[in-house]
Every structure is written in C-alpha cells, then in structure tokens.
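Each chain is listed here by its residues.
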Amino acid sequence: MCYLSNSTQVKKKIVVFEAPGGTDKGPDGHRKDTLPIIRALEARGWKAEIIFYTDEESDSIRDYVLGTADAFVSRINPGSIPGGEANYFQLLRKLCDEGVIGLPHPDAMLCYGAKDALVKLNRTALVPSDTFAYYNVPDLHNNFPVSLSLGDRVLKQNRGSTGEGIWRVSVVDDRTFTVGQPLPDDTKIKCTEAVDNHVEYHELKAFLTFCEMYIVGENGMLVDMPFLPRIKEGEIRILLVGNKTIFVVHKKPADNADAFSATLFSGATYTYDSPEKWQTLVDLFQAALPEVISKLGDYDIPLIWTADFILDTDPVDGSDKYVLGEMNCSCVGFTTHLEHGIQEAIAEEIIQTVHKFKKENMSDLENQEAELSAVMSVP
C-alpha cells in the first residue's frame, strides 16, 4: 500500500502528472483524456491539478505534492521523459513512502505493464505454461532454439509500443528437426514484425544476435510464447477502471496472409463493444483477479488498465478459450469513450480509493494509540 500510518486527513486534492511535449498532446499541451478527469473531480467538489514532470524539478515537485495532495495519477507515456523514467519512478516511490496514494503505485505499473508479467502468470489458466522470459543474451541463444522446435513462437521486447520489436518466428527450413531439441544456428526462419506485418528471412543465429538489442539496457528482456493462429480472429482488449470493466475492444488484424498485428498502425480494425457482449471473458478475468494480484506483487489494482486476450482452442474438447497476451497500466488512453462518461467512473474510483485508504490509516492510528495506552496503563 502507498500511504503513511499518520496520513489520515482528506485534503480533497489530486495531482495528475504529465510530461511536457510528445505526440500524445493536443494543441493545449495536455493529453486529450487528462482534462476530462480534472473536470470530473472538480464537479464532485475536489481540487485537481496537472503538473508537468521534469527531472530538474523533481525535488520541488515532491515537496509541493507532499504538502497539498492526497494522491497522484500518472499520465506519462513510457519514453516521454528524456533520459528515461528512472528518476520519475524514484519520485513516485518517495511520494508513496511518505503518504501520498499512488494511482497506480509505480511498482504496480512495472509489474502489470512489463511483458514478463505473462511469465509470472504462466502457471495460471490465463497464460500457456511454455511462456518464458530471457533477461540475458546467453539464455536467449541457449533456450529459444529449443522452444522454436515446438512450433511457431512470438518474441516480445519489453520496451517499445505499437508492435515494434514483437516478432512471429516460423521455421521455413526443408530439413526435419526433432521436437524438444535445439535447432541448429543455420536454421532458416521467417520473421514477421507486428509493427507493420513486414516479413524478413534469416538464419536463426543471426536473428537472435539482432534480438540482443532488446535485452541489453534498462528493463531489457524478451518474452517468448507460442504463436496462437486464432489471432486472425482478433485480439480482445478489456479496459478496466479499478476492478470494473468499462468496455471491450475487438481488434482484428488486416486481411492478408502474414498479418498478425492488432494495432491501428498495421491496418487492424477496431470494434468497441459493451462488456455484456464478451461476458464469458469478462467473468473469466474477474474470477482470476485475486490470483493475478497475488502473483504480480500484491499491489492494489491499477486505476486505468487493460488486458489483451487472444482466442485459442481447448485441445481436450475443442471449446473456445482465452489466452492473456499483454497488460498495460502505465498510461492507457480512453478518448474514444469520453462521450460515454468513462471520466466519471475514473473520478469516482479515485475518490473512493482515497477515502478507503484514509479510513484504513485512521483505523491503524487508533489501534496504535490503543496499544500505547494499554502499555502506559500497566503499573
């Protein structure tokens, strides 16, 4: 949790962090979905303020937020801060340690948003058990040739967006290989990148050497999971505010043989549905939330977040099943649903969360005072 035991007074003030500049801003310099949150909070009698984060002003921002706000909401896209997010996340952790409520906590952003969240969930019903993560170059070269022998794979870098650094890898070699044994370095492979569905042909070792760049550096890693052919039927994204599903997006890849990307940039088409149209999937994920929370560090559920699923077929009875492909909670956009009042749900969730934590703090403080009183009364 993200508060101090003596932080009990509700200030009715929320700070929203943005980064200066960037392609996600409108003519007024703000994200299009930030001001609606501010207005929804103000309509409920709360104060809300946007602060543009820079490394140079980190200390003064800390002092100001600590003295004035109950909570912060982070609306900064990864990659928007020159030099990286390390200092920004350090600030957020300090604020949390000193009693400001994080929506979400910075470590929750990392746990839910990192691609290796899938690996932490690969013993659940949501993710295939043969989903792996490579954090160093030797592991990539030693293990991926084995997993590729099992069938088509998808390699996902931890950084980047819009499908960049996400590759479908298929063997197109005329030779016969043994399943479960490492493929030779000169195995001929076909590689399709999700960013635009373009195709490249390589030998296995050369491609893995190219992929080393995804591992080196801050937060570098590659996740390796089986390719699911039913991605052609579309990826299903659940958007949640807290634990409530707000809407579902059905993202269908472009209609060509190699397309598997569900991004708009790659030509995918989006259909926005009510949760009721995907009730089976929504119920499945809701039931899994306690296990997801536990395996991802026991942080409180993010404020605004998404979970992307791909259809698969149960090998036992042939029924449909859903496989979790990714989650995101760093800076989820929702401008498409402003007319449906999603900002109102966000404001309500923020206020309820603040009151919940302040009440818990008050209870903790009263318990501490009672314990101290009992000790002091002992003759």
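The structure presented is a predicted model; accordingly, all values stated were derived computationally and were not measured.

## Remarks on the nonpolar core
Reasoning step 1: Core analysis: the largest hydrophobic core is formed by 60 residues, its most contacted members being Phe17, Tyr112, Phe285 and Met327.
Reasoning step 2: A total of seven residues in this core trace back to one element, the largest contributor, which is helix α8 (residues 279-295).
Reasoning step 3: Those residues within four positions of Met327 in sequence are excluded, and the remaining contacts are Tyr112, Gly113, Ala117, Leu121, Phe285, Val292, Leu296, Trp305, Thr306 and Ala307.
Reasoning step 4: Among the nonpolar cores identified, the runner-up in size contains 29 residues, and Ala71, Val241, Val249 and Ile304 belong to it.

## Quick notes on the pattern of salt bridges
Reasoning step 1: Applying the stated criterion to the full structure yields 23 salt bridges.
Reasoning step 2: Across the pair Arg44 and Glu348 runs a salt bridge whose closest N-O atoms are separated by 2.7 Å. Of this pair, Arg44 sits in the loop between α1 (35-43) and β2 (47-52) while Glu348 sits in helix α9 (residues 342-377), and the two are 304 residues apart along the sequence.
Reasoning step 3: Put simply, Arg62 and Glu98 hold a salt bridge, and the shortest N to O gap is 2.4 Å. Within this pair, whereas Arg62 is found in helix α2 (residues 58-68), its partner Glu98 is found in the loop between α3 (86-97) and β4 (101-103), the two being separated by 36 residues in sequence.

## Overview of the sheet that holds strand β10 (residues 222-226)
Reasoning step 1: Ordered by their spatial adjacency, six strands build an open sheet running β5-β10-β6-β7-β8-β9, and the pairing between neighbours is antiparallel. On the outer flanks of this sheet lie β5 (132-134) and β9 (198-203), each paired with one strand and no other. Mean inter-strand twist for the sheet, computed between neighbouring axes without regard to direction, equals 25 degrees.
Reasoning step 2: Bridge count for β5 against β10 is three bridges, and the pairing is antiparallel.

## A closer look at the environment of Met109
Reasoning step 1: Inspection of the secondary structure assignment puts Met109 in helix α4 (residues 106-113).
Reasoning step 2: Sequence separation between Met109 and Met327 is 218 residues, and the spatial gap between their C-alpha atoms is 10.0 Å.
Reasoning step 3: Not counting chain neighbours up to four residues away, the residues in contact with Met109 comprise Ser74, Phe89, Leu92, Pro104, Ala114, Cys329 and Ser330.

## A few points about the pairing of strand β12 (residues 244-252)
Reasoning step 1: In terms of burial, β12 is largely enclosed, as seven of its nine residues are buried.
Reasoning step 2: Taken together, the five bridges between β12 and strand β13 (residues 269-273) define a ladder with antiparallel strand orientation. Its bridge partner being in β13, His250 is matched across the sheet by Thr271.

## Observations regarding the packing of α2 against α3
Helices that pack against each other are described as a pair by the angle of their axes relative to one another and the distance between those axes.
Reasoning step 1: Across the interface, α2 lies against α3 with an axial gap of 10 Å and an inter-helix angle of 25 degrees. Overall, the two elements α2 and α3 adopt an arrangement that is roughly parallel. Judged by the sense of rotation from one axis to the other, the crossing of α2 with α3 is right-handed. Within the contact between the two elements, α2 uses Ser58, Ile61, Arg62, Val65 and Leu66 and α3 uses Leu91, Lys94 and Leu95.

## Digging into the sheet that holds strand β3 (residues 71-74)
Reasoning step 1: Pairing is parallel in the open sheet, where four strands are placed in the order β2-β1-β3-β4. Looking at strand neighbours, the two that pair on one side only are β2 and β4, the edges of this open sheet. The sheet shows a mean angle of 25 degrees between the axes of neighbouring strands, taken without regard to direction.
Reasoning step 2: As defined by bridge partners, strand β1 (residues 13-18) adjoins β3 across four bridges and the pair is classed as parallel. Residue pairing in the sheet places Val16 in a bridge with Val73 of β3.

Definitions and limits used
- Residues numbered from 1 in each chain as written.
- Predicted model: local features only at pLDDT ≥ 70, side-chain atom pairs only at ≥ 80, totals over all residues.
- Heavy atoms only, no water.
- Core = buried A, V, L, I, M, F, W, Y, C linked by side-chain atoms within 4.5 Å.
- Buried < 20%, exposed > 50% of the residue type's maximum accessible area, 1.4 Å probe, protein only.
- Helix = DSSP H or I, 4+ residues; strand = E, 2+ residues; numbered from the N terminus.
- Contact = heavy atoms within 4.5 Å.
- Salt bridge = Lys/Arg side-chain N within 4 Å of Asp/Glu carboxyl O.
- Pairing = 2+ DSSP bridges.
- Axes fitted to C-alpha atoms, helices over the stretch in contact; angles between N-to-C directions.
- Parallel < 35°, antiparallel > 145°, perpendicular 65-115°, else oblique.
- Left-handed = near helix turned anticlockwise from the far one by under 90°.

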